[in-house]
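Examination of the molecular architecture
Residue-level listing of the chains:
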Amino acid sequence: MHLHILGICGTFMGSLALLAREAGHRVSGSDAGVYPPMSTQLEQAGIVLTEGFAAENLEPAPDLVVIGNALSRGNPEVEAVLDRGLPYVSGPQWLAEQVLPGRRVIAVAGTHGKTTTASLTAWLLEAAGLAPGFLIGGVPRNFGVSARLGGADAPFVVEADEYDTAFFDKRSKFVHYRPEIAVLGNLEFDHADIFPDLAAIERQFHHLVRTVPGKGRLLVADGEPALERVLEQGRWTPVERFGTAPDSAWHLALERDDASRFRVVHRRDDGGENAALVDWSLSGAYNARNAVAALAAAHACGVSLADGAEALVRFATPRRRQELRGEVAGIQVIDDFAHHPTAIAATLGGLRASARQGRLLAVIEPRSNTMRLGTLRERLAGSVADADAAYWYQPAGLDWTLAPVVEASGRPGGVFDDLDGLVAALVAEARPGDRLVVMSNGGFGGIHEKLLAALEVAHGG
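These lines cover the structure that appears in this document, whether it is placed above or below. (Residues numbered from 1 in each chain as written. Predicted model: local features only at pLDDT ≥ 70, side-chain atom pairs only at ≥ 80, totals over all residues. Heavy atoms only, no water.)

1. Notes on the pairing of strand β6 (residues 105–109)
The element β6 is extensively covered by neighbouring structure, given that 5 of its 5 residues are classed as buried. Of the two faces of β6, the one carrying Val-105, Ala-107 and Ala-109 and the one carrying Ile-106 and Val-108 are both buried. Pairing between β6 and strand β9 (residues 156–159): 4 bridges, direction parallel. Across the sheet, the residue bridging to Val-105 is Phe-156, located in β9. Inspection of the sheet shows β6 paired to strand β12 (residues 181–184) by 4 bridges, in the parallel sense. When the sheet's bridge partners are listed, Ala-109 is paired in β12 with Leu-184. (Buried < 20%, exposed > 50% of the residue type's maximum accessible area, 1.4 Å probe, protein only. Helix = DSSP H or I, 4+ residues; strand = E, 2+ residues; numbered from the N terminus. Pairing = 2+ DSSP bridges.)

2. Considerations on the packing of helix α5 (residues 114–127) against helix α9 (residues 305–312)
Remark: α5 packs on α9, axes separated minimally by 9 Å, with the N-to-C direction vectors making an angle of 115 degrees. Classed by the angle they form, the pair α5 and α9 counts as roughly perpendicular. The way α5 lies across α9 gives a crossing that is right-handed. Residue-level contacts link Leu-120, Trp-123, Leu-124 and Ala-127 of α5 to Gly-308, Ala-311 and Leu-312 of α9. (Axes fitted to C-alpha atoms, helices over the stretch in contact; angles between N-to-C directions. Parallel < 35°, antiparallel > 145°, perpendicular 65-115°, else oblique. Left-handed = near helix turned anticlockwise from the far one by under 90°. Contact = heavy atoms within 4.5 Å.)

3. A closer look at the packing of aromatic side chains
The tally for this structure, following the rule as stated, stands at 6 aromatic pairs. Taking 6.4 Å as the distance between ring centres and 75 degrees as the angle between the ring planes, the aromatic pair formed by Trp-123 and Phe-143 counts as edge-to-face. Linking Trp-123 in helix α5 with Phe-143 in the loop between β7 (133–135) and β8 (147–148), this pair joins segments that are 20 residues apart in sequence. On the basis of relative accessible area, Trp-123 is assigned to the buried category, the value being 11%. On the basis of an interplanar angle of 50 degrees and a centroid distance of 4.6 Å, the ring pair of Phe-134 and Phe-143 is categorised as tilted. (Phe/Tyr/Trp six-rings, centres within 6.5 Å; stacked < 30°, edge-to-face > 60°.)

4. Considering the sheet that holds strand β1 (residues 2–6)
Sheet strands associate in pairs through backbone hydrogen bonding, adopting either a parallel or an antiparallel arrangement. A sheet is described by the order of its strands in space; here 5 strands give the open sequence β3-β2-β1-β4-β5, paired in parallel fashion. If you trace the sheet from one side to the other, it starts and ends with β3 (48–51) and β5 (88–90), each paired once. Looking at each pair of strands side by side, their axes are set apart by 25 degrees on average, direction ignored. Two elements, β1 and strand β2 (residues 26–31), share 5 bridges in a ladder whose sense is parallel. Each bridged residue has a counterpart across the sheet, and for His-4 the counterpart in β2 is Ser-28. Packing of helix α1 (residues 11–22) onto the sheet brings it into contact with β1, β2 and β4 (64–67), and relative to β1 it is tilted by some 175 degrees.

5. A few points about the nonpolar core
Judged by nonpolar contacts, the single largest core of 95 residues is most densely connected at Leu-95, Leu-135, Phe-205, Trp-250, Phe-262, Trp-280 and Leu-312. The greatest single-element share of this core, amounting to 10 residues, is contributed by helix α8 (residues 285–300). Excluding residues within four positions of it along the chain, Trp-250 makes contact with Glu-240, Arg-241, Phe-242, Gly-243, Val-264, Val-265, His-266, Val-292, Leu-295, Ala-296, His-299 and Leu-305. With 22 residues, the next largest nonpolar core counts Ile-331, Leu-419, Val-438 and Leu-455 among its residues. (Core = buried A, V, L, I, M, F, W, Y, C linked by side-chain atoms within 4.5 Å.)

6. A look at the pattern of salt bridges
All chains considered together, the criterion is met by 22 salt bridges. In this structure, Arg-73 and Glu-79 form a salt bridge, with 2.7 Å as the shortest nitrogen-oxygen distance. By relative accessible area, Arg-73 is classed as exposed at 55%. With a shortest N-O distance of 3.0 Å, Glu-180 and Arg-104 are connected by a salt bridge. One end of the pair, Glu-180, is in the loop between β11 (169–172) and β12; the other, Arg-104, is in the loop between α4 (91–98) and β6, with 76 residues separating them in the sequence. When its relative accessible area of 30% is taken as the criterion, Arg-104 is described as partly exposed. Through salt bridges that share partners, Glu-255, Arg-256, Arg-261, Arg-263 and Asp-279 make up one connected network. (Salt bridge = Lys/Arg side-chain N within 4 Å of Asp/Glu carboxyl O.)

7. Regarding helix α10 (residues 341–353)
Here α10 contains 13 residues, and its C-alpha end-to-end distance of 18 Å stays within 8% of the 18 Å for a straight helix at 1.5 Å per residue. Along α10, the positions that sit buried rather than exposed are Pro-341, Ala-343, Ile-344, Thr-347, Leu-348, Gly-350 and Leu-351. (Expected span 1.5 Å × (residues − 1).)

8. With respect to the environment of Gly-102
Mapping Gly-102 onto the fold places it in the loop between α4 and β6. You can call Gly-102 exposed: its relative accessible area is 78%. Spatially, the C-alpha atoms of Gly-102 and Phe-337 are 33 Å apart, while their sequence positions differ by 235 residues.

Shown next, in the form of structure tokens:
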């Protein structure tokens, strides 16, 4: 079958393309503004990409068009699909119908940390020899790809997004997946372009809860009031909580301030306890909590706590999650996907707590739909409290100025609307020992490579 994917370079749709290709389908696709790592993955898989959207991309007519949620009415390729009566489907529906039936599905949901937690879970299952399938909104470096089918009878880990499914299906993506195990990591307001308030997102999370069978499991982070409100709407599945609360079934205790060493205690249903100590390369309390969630999910699939804890030591963070892109003269350039104020603060806090000395220079592009609407802008100034300086990029389409954020933050740096000017300012300021932490949910104009090249010229000799 020939599948043509609209919006193929999105993290979800690109991963879907890899699964379809692995399943034996002919796959093509179109998108605009492509950038790594997804574009690189697709090219390596031999999938033909067309830059831009046009009716001609549908010639000859594919057997099925899979339409991503970034596509709307008025897009020329969408209009051609409808006018010609071509069969079409959303990405989540295709996944649910063609890949997930008969599989033990583990859905990882939450406002933050989905990609890392899903990657951790897949890795723990892989290390235990279970050969899981997965679809993740990033590239786990332990696997080198963002999606694979895995063993026919193996568990399947899916990053479960609350964003809407398609222009013709406004339900959250995750209601399609019907997981046996659902991880609910956290919940706060985001996606202001489609949700009016937090209560609307809570309703979608409850729709997910409604789909988990009674024989399954809900793994829910403690200390999350919004998740408790979700469960109060009704639940029909056993719940295990994880986190730092003393009575949680999966209890986390940090043994270093930077969370690079922590203890996990699993309180079993029979009243007994198992414990494990983890000493790993990641930092940040949020990453330790993600790890505990993954340990609980893997345990539900038969992986012992001891084996899971040992495998965590060999875990490599996904691409764009505190990823070291390069170092010049002791100056590190780190890439992170953080774009919500909570995620920005968590990333900087985790790096600040690490043992490395030197300054943290935050470089932030607020380009998400929520940021463009200005919904959370009053929280941005506080999000950089752990940075020594904050450099803000004002992208096209951001209709409000970042200047008040800079002033309120009290951090040196500034606002730039020219990428070359931003790079020049960073290179002039950087000195050995500094970490330049670049945070964006987009390609940021290739700033990482530009920074490394400019640092090499200025400091490399």
